[in-house]
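Report on the structure
Take a look at the letters that make up each chain.
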Amino acid sequence: MKHIFISHNSNDKPFVRQLAKSLSAFGINCWIDESEIKYGESLIQKISEAIEKIDVVVAVISSNSIQSSWVRQELDWAMTKEINQRKVVVIPILIDKC
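All of these numbers come straight from a predicted model, not from anything done at the bench.

Observations concerning the packing of aromatic side chains
A complete count under the given rule lists 1 aromatic pair for this structure. When the centroid spacing of 4.8 Å and the interplanar angle of 20° are considered together, the rings of Phe5 and Trp31 count as stacked. Taken as a pair, Phe5 in strand β1 (residues 3-7) and Trp31 in strand β2 (residues 29-31) lie far apart in primary sequence, 26 residues in all. Accessibility expressed as a relative area gives 1% for Phe5, which makes it buried.

Things to note about the layout of surface pockets
In this approach, a probe sized like a water molecule rolls over the atoms, and the result shows the empty space that is left. Taken as a whole, the second largest pocket spans an internal volume of roughly 170 Å³. For the second largest pocket, the lining is made up of 14 residues, of which His8, Asp33, Ile47, Trp70 and Glu74 are closest to its centre. Of all the secondary-structure elements, those providing two or more residues to the lining of the second largest pocket are β1, α3 (43-53) and α4 (69-85). Its residues placed into classes, the lining of the second largest pocket shows 7 nonpolar, 4 polar and 3 charged.

So, helix α1 (residues 13-24)
Each full turn of the α-helix corresponds to 3.6 residues, which orients residues three or four apart in the same direction. With 12 residues, α1 extends 16 Å from end C-alpha to end C-alpha; this agrees with the ideal 16 Å at 1.5 Å per step. Of all the residues in α1, the buried ones are Lys13, Val16, Leu19, Ala20 and Leu23. Looking straight down α1, one finds its buried side chains confined to an arc of 120°; they lie on one side. Residues of α1 that are exposed and angled more than 90 degrees away from the buried face: Pro14 and Lys21.

As for the sheet that holds strand β4 (residues 90-94)
Strand order in the open sheet formed by 4 strands is β2-β1-β3-β4, and the pairing between neighbours is parallel. Edge positions in the sheet fall to β2 and β4, since each has one partner strand and no second. Between one strand and the next, the sheet's axes are offset by a mean angle of 30°, whatever the strand orientation. Across 5 bridges, the pairing between strand β3 (residues 56-61) and β4 is parallel. Residue pairing across strands places Val57 opposite Val90, the latter belonging to β4.

Topic: the side chain of Asn9
With respect to the helices and strands, Asn9 occurs in the loop between β1 and α1. For Asn9, a relative accessible area of 13% puts it in the buried group. A polar contact of 2.8 Å, which involves the side chain of Asn9, links it to the backbone nitrogen of Asn11. Setting aside anything within four residues of it in sequence, one finds Asn9 in contact with Asn64, Ser65, Ser68 and Val71.

Quick notes on the rules
- Residues numbered from 1 in each chain as written.
- Predicted model: local features only at pLDDT ≥ 70, side-chain atom pairs only at ≥ 80, totals over all residues.
- Heavy atoms only, no water.
- Phe/Tyr/Trp six-rings, centres within 6.5 Å; stacked < 30°, edge-to-face > 60°.
- Helix = DSSP H or I, 4+ residues; strand = E, 2+ residues; numbered from the N terminus.
- Buried < 20%, exposed > 50% of the residue type's maximum accessible area, 1.4 Å probe, protein only.
- 1 Å grid on protein atoms, 1.4 Å probe; cavity = no way out; pocket = protein on both sides within 12 Å on 5 of 7 lines; lining within 4 Å.
- Points joined across faces, edges and corners; volume = space filled by probe spheres on them.
- Nonpolar A, V, L, I, M, F, W, Y, C, P; charged D, E, K, R; others polar.
- Expected span 1.5 Å × (residues − 1).
- Arc of directions from axis to C-beta.
- Pairing = 2+ DSSP bridges.
- Axes fitted to C-alpha atoms, helices over the stretch in contact; angles between N-to-C directions.
- Polar contact = N/O pair within 3.5 Å; in protein donor to acceptor, adjacent residues only side chain to side chain.
- Contact = heavy atoms within 4.5 Å.

Right, dumping it as structure tokens:
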């Protein structure tokens, strides 16, 4: 089973929920912050651990996400993994004109 981390801005959550649902129908396990991080847990720690364990990061690119420092940080972690493993780890999905 493939494991995917979906990097996104919270304003794009409706699209992300539908994407995760669609991917799950194909047997793909999607990591989304709202279902994986519990109150009181370290956001930075949980996200960095998740990116280390996944197969692919799907970057939801929107006018919201390009302004997000969190999305930038997640993609920095993912790109570091991509460089170290010498394989494609980050797949962008453009959802609006930005």
